[in-house]
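# A structural walkthrough
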Amino acid sequence: MKDKSVWKVWDENNEYGEVFYKRATGQLPEMESSKAAAKLIKDDVTEGDKILDVGCGSGHYLRSLRSALKINFFYTGVDATSNYINLGKRAFVNDAGVDFCLGDIYNLPFDENSFDIVMCNNVLLHLPSIQKPLNELIRVSKKTVLIRTLIGDRSFRIQDVSPASEIEFNGDGEPTSFYYYNIYSQKYLNYLLKSSGKVNNFQIIKDVFFDPQNIESSTSEHRDAHNVTKIIGDFQVNGYIIQPWKFLKINIIVPKNGNVLM
Ligand SMILES: C[S@@+](CC[C@H](N)C(=O)[O-])C[C@H]1O[C@@H](n2cnc3c(N)ncnc32)[C@H](O)[C@@H]1O
C-alpha cells in the first residue's frame, strides 16, 4: 500500500462511504455511470466470468451489473480505503460469489490474467500517475478492461484543494490536501497502450449514457460529502471543472507463449 499522501484523502471522508453503502444496498438509486459501465460490458461477459472492480468503493457497481447482466458471474471489489471495503462486505454479507479486499491499484494483489473483465471507474483521474495503474489493470485481465475517466484532446493536471482545513497551502504554495481531477490526452493513452503486448485494440467512447436529471438530483444525496456533478449544456461540471468523461474499453489478447511486454 502506498503511504498516505496529500492527494489521498479518501479515508477521512466517512460521508462519501455512507453514500456508497446506500447505493450498494438500494437505499439510493444506481449511479448513471454504473448503469453505463454495465451496459458497455454486457456483451463481453459470459456465464461464470470473473469480474474485478478496482476502486470499487462499497461495491455499488455490482447492483447495476446484476440488473444488466442477468447471468451468473463472480464479483471481486478492491479498494485502497478500508472503510469502504468494510461497508461493501457488510452490504453483500449474504451473497455468494462476491468478494471484497483491500488493495492498491499500483500493486494489485492478484496474479496475471486472474479475471475475465476488469473495471475501473472514476479512479484514474484522482491518481498522481496512471502508467503503473493502467499496466496493473491490463496485467490481471484476460478479456476486457473498461475504464471511466477524463480524456480530452490535451492533458491537464488539476488539483481541487480540499476545504477540510483553513491551511489550504503550505509555505511553498503546495496544497496541504487535495483531490486530483486529471484529464489525459488521447495521445498519451495511445502511447501508454501501444507498448503493452496484451492490448489487442481499444476504443474511447464518449459518456453520453446519462440522464441529466438523475445526475443533478444526486446533489441532495451527496450533501457536503463531495462536489456534485451538474449539467451545463452538454457538459458535466463538477465544482468549477468541465469534465470530458469517456470510457476506455480495451480488448485484451493473452499471448500463447505467455511473453507479455509491459
Ligand atoms: C471517486 S471514487 C469512485 C468509486 C466508484 N468506482 C464509483 O465510480 O463510484 C474513487 C475510489 O478509488 C479509491 N482509490 C483511491 N486511490 C486508490 C488506490 N491507490 N488503489 C485503489 N483504490 C483507490 C477510493 O478509495 C475511492 O473508493
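Below: a short report on this structure. (Residues numbered from 1 in each chain as written. Predicted model: local features only at pLDDT ≥ 70, side-chain atom pairs only at ≥ 80, totals over all residues. Heavy atoms only, no water.)

As a further point, take the overall build of the protein. Assigned secondary structure in the protein consists of 7 helices and 13 strands. Relative to its full complement of 262 residues, the protein shows a buried share of 51%. Contacts in the protein between residues at least 24 apart in sequence constitute 75% of all its contacts with a sequence separation of at least 6. Approximately 13,000 Å² of the protein is accessible, and the part contributed by carbon and sulfur atoms is 49%. (Helix = DSSP H or I, 4+ residues; strand = E, 2+ residues; numbered from the N terminus. Buried < 20%, exposed > 50% of the residue type's maximum accessible area, 1.4 Å probe, protein only. Contact = heavy atoms within 4.5 Å. Areas by Shrake-Rupley, 256 points an atom, 1.4 Å probe, with all protein chains shown as cover.)

A word on the pattern of salt bridges. As enumerated under the stated definition, the model contains 6 salt bridges in all. Residues Asp49 and Lys143 are paired through a salt bridge, measuring 2.7 Å at the closest nitrogen-oxygen approach. Highlighted residues: Asp49 in strand β1 (residues 49–54) and Lys143 in strand β5 (residues 141–152), separated in sequence by 94 residues. (Salt bridge = Lys/Arg side-chain N within 4 Å of Asp/Glu carboxyl O.)

A few words now on helix α1 (residues 14–24). The set of residues buried in α1 consists of Tyr16, Gly17, Val19, Phe20, Tyr21, Arg23 and Ala24. At the exit of α1 stands Gly26, carrying a positive phi of roughly 85 degrees.

In this section: the site of the ligand. The local shell around the ligand holds 20 residues, among which Gly55, Tyr61, Asp79, Thr81 and Asn122 are the closest. Breaking the shell around the ligand down by element, the ones donating at least two residues are α1 and α3 (60–69). Residue classes in the shell around the ligand are distributed as 10 nonpolar, 8 polar and 2 charged. (Near = heavy atom within 4 Å. Nonpolar A, V, L, I, M, F, W, Y, C, P; charged D, E, K, R; others polar.)

A separate point is helix α6 (residues 186–194). For α6, every residue scored as buried is listed here: Leu189, Leu192 and Leu193. The arc that holds every buried residue of α6, seen down its axis, measures 90 degrees, which confines them to one face. Facing away from the buried side of α6 by over 90 degrees, the exposed positions are Lys187 and Lys194. The inward-facing, buried residues of α6 abut α5 (131–139), β5, β8 (184–185), β9 (199–206) and β13 (245–252). (Arc of directions from axis to C-beta.)

Another aspect to go through is the nonpolar core. Counting residues in each nonpolar core, the largest one holds 32 residues, and the members touching the most others are Val54, Ile105, Leu137, Ile147 and Ile250. Mapped by element, the contributors of at least two residues to this core are β1, β4 (115–121), α5, β5, β7 (178–180), α6 and β13. Among residues more than four places away in sequence, those in contact with Val54 are Val78, Ile105, Leu108, Val118, Met119, Cys120, Asn121, Val123 and Leu137. Membership of the second largest hydrophobic core comes to 27 residues, among which are Ala36, Leu40, Leu87 and Ala91. (Core = buried A, V, L, I, M, F, W, Y, C linked by side-chain atoms within 4.5 Å.)

To continue, consider the environment of Glu18. Here Glu18 is to be found in helix α1. What makes Glu18 partly exposed here is its relative accessible area of 39%. Between the C-alpha atoms of Glu18 and Asn83, which are 65 residues apart in sequence, the distance is 9.7 Å.

This part takes up unusual backbone geometry. In this structure, Asn113 is a non-glycine residue whose phi angle is positive, near 55 degrees. A positive phi is found at Asn122, a non-glycine position, where the angle reads about 65 degrees. Assignment of secondary structure puts Asn122 in the loop between β4 and α5. With relative accessibility at 17%, the residue Asn122 sits in the buried group.

Across the sheet, 3 strands lie side by side as β10-β11-β12; this open sheet has antiparallel pairing. At either margin of the open sheet sits one strand with a lone partner, and together these are β10 (229–232) and β12 (241–243). The sheet shows a mean angle of 40 degrees between the axes of neighbouring strands, direction not considered. Pairing geometry for strand β11 (residues 235–238) and β12, over 3 bridges, is antiparallel. (Pairing = 2+ DSSP bridges. Axes fitted to C-alpha atoms, helices over the stretch in contact; angles between N-to-C directions.)

Inspection of the entire model under this criterion finds 0 disulfides. Left unpaired, Cys56 is separated from the closest cysteine sulfur, that of Cys101, by 8.1 Å. (Disulfide = S-S within 2.5 Å.)

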